[in-house]
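Okay, here's what each chain looks like letter by letter:
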Amino acid sequence: MKLSKAHLKTLREVPTEAEIPSHILLLRTGMIRKLVSGVYGFMPMGRRTLAKIENIIREEMDAAGGQEILMSAVQPAELWQESGRWYAYGPELWRLKDRNGRDFCLGPTHEEIFTDIVRNDISSYRQLPMNLYQIQTKYRDEARPRFGLMRSREFIMKDAYSFDRDEAGLDESYRIMYEAYEKIFTRCGLVFRPVEADSGAIGGSNSHEFTALSEVGESEIAYCEKCDMAATVERAACTDAPASDEEMLPLEEVYTPGTTTIDAVAEYLGLDTKQTLKALLFVKYNEQGEEDGYVAAFVRGDRELNMTKLVNALDIPEHAIEFADEERMHEATGCVGGFTGPVGLHDCTIVVDSEVPGLKNLCAGACKKDHHMKNVNYGRDYEADIVTDIKVLAEGEPCPVCGAPVKYARGIEVGQVFKLGTKYSESMGAYYKDENMENHPIVMGCYGIGVTRTMAAVVEQHHDENGIIWPISVAPYHVIITLMKPEDETQAAVAGRIYEELRRRGVEVILDDRKERPGVKFKDADLLGIPIRITVGRGAADGMIEYKMRRDADRTDMTVEEGIETAVKTVEAERFGGVKE
Ligand code: ATP
Ligand code: MG
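Let me sum up the structure you'll find in this document.

The rules behind each value
- Residues numbered from 1 in each chain as written.
- Chains lettered and ligands numbered in written order.
- Predicted model: local features only at pLDDT ≥ 70, side-chain atom pairs only at ≥ 80, totals over all residues.
- Heavy atoms only, no water.
- Disulfide = S-S within 2.5 Å.
- Buried < 20%, exposed > 50% of the residue type's maximum accessible area, 1.4 Å probe, protein only.
- Helix = DSSP H or I, 4+ residues; strand = E, 2+ residues; numbered from the N terminus.
- Contact = heavy atoms within 4.5 Å.
- Polar contact = N/O pair within 3.5 Å; in protein donor to acceptor, adjacent residues only side chain to side chain.
- Near = heavy atom within 4 Å.
- Areas by Shrake-Rupley, 256 points an atom, 1.4 Å probe, with all protein chains shown as cover.
- Nonpolar A, V, L, I, M, F, W, Y, C, P; charged D, E, K, R; others polar.
- Salt bridge = Lys/Arg side-chain N within 4 Å of Asp/Glu carboxyl O.

### Quick look at the state of the cysteines
Here is step 1: Under the definition given, this model contains zero disulfides.
Here is step 2: Cysteine C348 is unpaired, with the sulfur of C335 as its nearest cysteine sulfur at 7.7 Å.
Here is step 3: With relative accessibility at 15%, the residue C348 sits in the buried group.
Here is step 4: Take C402: it sits in no disulfide, and the sulfur closest to it among the cysteines is that of C224, at 3.5 Å.
Here is step 5: For C402, a relative accessible area of 32% corresponds to the partly exposed category.

The structure is reproduced here in structure tokens:
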């Protein structure tokens, strides 16, 4: 491609709304363009990189036995009502009506559609196992679209679905996808970590997230350096403190004026926060969006409540619960803002963290303004509707597997794999007949990759202050020839010869033949992050060029032939990715 003829609009200024490197650089290079909040288009260079990522995914999915199909974004509500997710998915589901008032949504994911396909097309065990996938545009009306491609409302996903006759088959399909994901992200040049994950609104029992390590990532992961435990913080189990063998002391109400926080009451009474009980109050909503009762959750004073574990314990979707207005809640349940404890609380679901029953003589709110209770003991003074792990595994806490101190890292969730089991096949009636003509629900798995988010994640891991540094496997072009003086006939001829020769040998090459100052050309080449730069300047008369890798600082003078050979070799070695820098 000759840059003088190309559509390329790079920006000198950093767009103000862009906060993280990938968002800033993808806008500055002109690779993506914003239409409205959370909705982006892809300009020529951006489209090329996107296609490279899609092709890596396609090759590895095909190699793993997947078959590509393409389903529509528009999905009828009936299928979602059948699976129960028309309600469970909540406000992120982008709903619309046709002119006759019939309900539809723009697919945020396609479990229902793929289950519908197999319930119509698969009838026998002979057709199993099967893996179908697509690379397709998804819609999620995110509450806070941000960071460009990272969290958008329209984005491209690869979603695959596996269909097996039993759990053992699913385990094998899951393993194959897990390994394909490792190859895909390695080929894209990402440093990543697979971690155990919660299965969220998709449902199912077993799941891993693939997390590209990055400071700007929204996923927090807890991992252990001693064993191989790694999980999202949402998911990570937390070991209970050992049960105390203290004697239970008599319950005692104490005056604690103005101590509405754990720290304040602990300080006022001279206690460790570990000797206190923290209350968190919520209101629940039913499917019609009406208030549907209150929830009080209790954890040890120094712990944080884990919302994912709480909604899983209550078996409700995340959007069906929010923090309660304690003043409004007072009459119904007896709670008192800042002074709520389990004793005296009524008419609400009480959820207590699993370690709390083992702790003795805790200090909790007295459900009375400016008062706390000392020596509150589970079993003697109150009981709970649910007792289970609802606490966050904090950094430094013992690893739930081996006990070593846990570390935290941040990352970008680029993919997730789930064992769905028979959730969709049973609710939607996808059965196969075995050898004895007996019916069984098809056992399913589903596997997503955020294609556009992966593009952003690659930029997060591969950039410097001057711009992007694309790995060769996903670069929009492999080589840029910077022609210093297009009006100089010798230079133009040499550059043209290199351009043709590289193209002939399968290298994707840009010729920067614009009538711009060399400084501008170098800046753009660095910003765009083209992996190899060949500069054709004064040396052209003697058959010399300057060769530079975007990722390295040094430049080398070479003959034209050497330059061509080095570029071809480097591209051949790295075009399929997976090469460590
Ligand atoms: P998140 O927790 O980040 O909201 P998710 O777990 O809801 O994502 P999945 O349902 O697992 O997402 O979707 C599969 C993949 O699609 C994710 O791993 C992610 O890479 C990508 N993805 C999900 N939501 C978005 C979004 N709003 N913008 C871009 N990519 C997304
Ligand atoms: Mg996910």
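### Comments concerning the environment of E326
Here is step 1: Structurally, the position occupied by E326 is in helix α9 (residues 326-333).
Here is step 2: Residue E326 is classed as partly exposed on the basis of its relative accessible area, which comes to 26%.
Here is step 3: Considering only alpha carbons, one finds E326 and L190, 136 residues apart in sequence, at a separation of 46 Å.
Here is step 4: When residues no more than four places from it in sequence are discounted, the contact partners of E326 are L281, C335, V336, G337, G338 and T340.
Here is step 5: Polar contacts involving the side chain of E326 include one to the main-chain amide nitrogen of G337, which spans 3.5 Å.

### Looking at the site of ligand 1
Here is step 1: The immediate surroundings of ligand 1 are formed by 14 residues, with R140, E142, R151, S152 and E413 found nearest.
Here is step 2: Here an oxygen atom of ligand 1 sits 3.1 Å away from a polar atom, N or O, in the side chain of Q416.
Here is step 3: In the environment of ligand 1, an oxygen atom lies 3.2 Å from a nitrogen or oxygen atom belonging to the backbone of G450.
Here is step 4: Starting from 580 Å² of accessible surface for ligand 1 in isolation, the protein chains cover 85%.
Here is step 5: Listed by contribution, the elements that provide at least two residues to the shell around ligand 1 are β8 (154-164) and β21 (407-421).
Here is step 6: Considering every element that reaches the shell around ligand 1, the biggest residue donor is β21, with four residues.
Here is step 7: When its residues are assigned to classes, the shell around ligand 1 shows five nonpolar, four polar and five charged.

### Here we look at the pattern of salt bridges
Here is step 1: Scanning all chains against the criterion turns up 53 salt bridges.
Here is step 2: Across the salt bridge formed by E82 and R119, the nearest N and O atoms sit 2.6 Å from each other. Here E82 is found in helix α3 (residues 77-83), whereas its partner R119 is found in helix α5 (residues 111-121), with 37 residues between them in sequence.
Here is step 3: Since its relative accessible area comes to 35%, E82 is described here as partly exposed.
Here is step 4: The partner of K97 in a salt bridge is D103, with the nearest N and O atoms 2.8 Å apart.
Here is step 5: For D103, a relative accessible area of 25% gives the class partly exposed.
Here is step 6: Overlapping salt bridges bring together D464, D526, R533, E546, R550 and R555 as one network.

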